[in-house]
Amino acid sequence: MLSVKPSLSGVQYFLQGFDLIRQPKLRPFVLIPLLVNFILFSVSFYFLFQQIDMWLVQLEASLDWFSWLVYIIKPLAFILILLVFGFFFGAIANIIAAPFNGLLAEQTELLLSNKPLPESSIKDILLDIPRVLTRELKKIKYYIPRAVGLLLLFFIPVVGQTVAPVLWFIFTAWMLAIQYADYTFDNNKIGFDEMRSELSSNRMQSLSFGSMVALCQSIPVVNFMIMPVAVCGATAMWVDNSDKSNFK
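Note that the coordinates shown come from a computational prediction; the quantities given were computed from them, not determined experimentally.

## Side note on the overall build of the chain
Each helix and strand in the chain was counted, giving 8 helices and 0 strands. In the chain, the succession of α and β elements from N to C terminus is α-α-α-α-α-α-α-α. Counting over 248 residues, the chain shows a buried share of 44%. Considering only contacts in the chain between residues 6 or more positions apart, those separated by 24 or more positions represent 78%. If you sum the accessible surface of the chain, you get close to 13200 Å²; carbon and sulfur atoms cover 70% of it.

Put into structure tokens, the structure is as follows:
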């Protein structure tokens, strides 16, 4: 492991991910997460923007005598549709790419730790899929009840237009920090609850990292490469922090 050095901010670790994905030794492991992200998000957003106008028109028509509510409900419906689609297709992308993201995190950690990179085969990846998917299901189980509770806030007058969007963004940043940091924690056999506790002890670093992921995911073209960037950046964060924690 690298010698102890000051940790960077979450923003700096995220930006470091852009440098890491260009490393020759990591490029082969970056390709599959990139392709998965590109294909799924291209298809999902093409479908979404083909349908969303029609759904909103139907919603407006269904209000009938209460058409004056359209100015309140229509923006909320638009946000909800984007949130549901973002979660649904993001979850699918992460589940499909999880074994490859875990491998990318492993190779990134080994590279940053100046260790020799081991040979990995497709067979090794396939054998590890059940364990990796079980870990992804734990994230979904943690996410859903909290997400539902926050989404309900959007329907509360005033709160839904002021506090709820802020809380949703913070929660999204937290979940993205969990999502991408967890690959390295899992590779090092650290449990899900322990992983969350460790991220909580560096909450501002975790939230700033997750916030950068969330913001860049909303930028066209850039969002296609965010998955491997986030995996590499979160792994760099682990390498610097693990010497100062109980996880070695």
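Let us keep going from here.
## Side note on the UniProt feature "transmembrane region" (unreviewed entry) in the chain
The feature "transmembrane region" (unreviewed entry), as given by UniProt, occupies residues 29-49, 69-97, 143-160 and 206-239 in the numbering adopted here. End C-alpha atoms of residues 143-160 are separated by 20 Å, and the span's content is 61% helix alongside 0% strand.

## Brief notes about the nonpolar core
F14, W168, I178, Y180, F209 and V213 are the most contacted members of the largest nonpolar core, which totals 55 residues. When residues of this core are assigned to their parent elements, the largest contribution, 12 residues, is made by helix α5 (residues 163-187). Ignoring anything within four residues of it in the chain, the contact list for F14 reads F209, M212, V213, C216, I226 and V229.

## Overview of the packing of α5 against helix α6 (residues 192-201)
Their axes nearest at 10 Å, the elements α5 and α6 cross at an angle of 120°. By the criterion of interaxial angle, the relationship of α5 to α6 is oblique. α6 is crossed by α5, and the crossing has right-handed handedness. The residues of α6 that touch α5, namely those facing W174, A177, I178, A181, D182 and F185, are F192, M195, R196, E198, L199 and S200. The residue inventory of the contact of α5 with α6, partitioned by class, reads 8 nonpolar, 1 polar and 3 charged.

## Things to note about the pattern of salt bridges
If charged atoms from side chains of opposite charge come close, those side chains can pair. In the structure shown here, the tally under the stated rule is 6 salt bridges. Of the charged contacts, one joins R135 and D182 as a salt bridge, the two residues approaching to 2.6 Å between their closest N and O atoms. With R135 in helix α4 (residues 122-153) and D182 in helix α5, the pair connects residues that are 47 residues apart, well separated along the chain. Given the relative accessible area of 1%, D182 is considered buried. A salt bridge links D182 to K139; its shortest N-O distance comes to 3.3 Å. Taken together, the residues D182 in helix α5 and K139 in helix α4 connect sequence positions 43 residues apart. Here K139 falls in the buried class, since its relative accessible area comes to 3%. Overlapping salt bridges bring together R135, E136, K139, D182 and D186 as one network.

## Structural notes on unusual backbone geometry
A positive phi is found at K189, a non-glycine position, where the angle reads about 60°. Here K189 lies in the loop between α5 and α6. Residue K189 is classed as exposed on the basis of its relative accessible area, which comes to 64%.

## Description of the confidence of the model for the chain
Of all residues in the chain, 73% attain a pLDDT of 70 or more, and the chain-wide mean is 80. The lowest-confidence element of the chain is helix α2 (residues 27-63), averaging 73 in pLDDT; the highest-confidence one is helix α1 (residues 10-20), averaging 94. Low pLDDT, under 50, characterises residues 1-5; the stretch is placed with 17 contacts to residues that sit more than four places away or in other chains.

## Quick look at the packing of aromatic side chains
Going through the model one piece at a time under the given rule, you end up with 8 aromatic pairs. When the ring of F154 is compared with that of W168, the centres are 6.5 Å apart and the planes differ by 70°; the resulting orientation is edge-to-face. Residue F154 is found in the loop between α4 and α5, and its partner W168 is found in helix α5; the two are separated by 14 residues along the sequence. By the burial criterion, F154 is buried, and W168 matches it. Arranged with centres 5.0 Å apart and planes meeting at 70°, the rings of F185 and W238 form a pair that is edge-to-face. Highlighted residues: F185 in helix α5 and W238 in helix α8 (residues 226-242), separated in sequence by 53 residues.

Calculation criteria
- Residues numbered from 1 in each chain as written.
- Predicted model: local features only at pLDDT ≥ 70, side-chain atom pairs only at ≥ 80, totals over all residues.
- Heavy atoms only, no water.
- Helix = DSSP H or I, 4+ residues; strand = E, 2+ residues; numbered from the N terminus.
- Buried < 20%, exposed > 50% of the residue type's maximum accessible area, 1.4 Å probe, protein only.
- Contact = heavy atoms within 4.5 Å.
- Areas by Shrake-Rupley, 256 points an atom, 1.4 Å probe, with all protein chains shown as cover.
- UniProt positions renumbered as here; feature names shortened; annotations may be inferred.
- Core = buried A, V, L, I, M, F, W, Y, C linked by side-chain atoms within 4.5 Å.
- Axes fitted to C-alpha atoms, helices over the stretch in contact; angles between N-to-C directions.
- Parallel < 35°, antiparallel > 145°, perpendicular 65-115°, else oblique.
- Left-handed = near helix turned anticlockwise from the far one by under 90°.
- Nonpolar A, V, L, I, M, F, W, Y, C, P; charged D, E, K, R; others polar.
- Salt bridge = Lys/Arg side-chain N within 4 Å of Asp/Glu carboxyl O.
- pLDDT = per-residue confidence, 0-100.
- Phe/Tyr/Trp six-rings, centres within 6.5 Å; stacked < 30°, edge-to-face > 60°.

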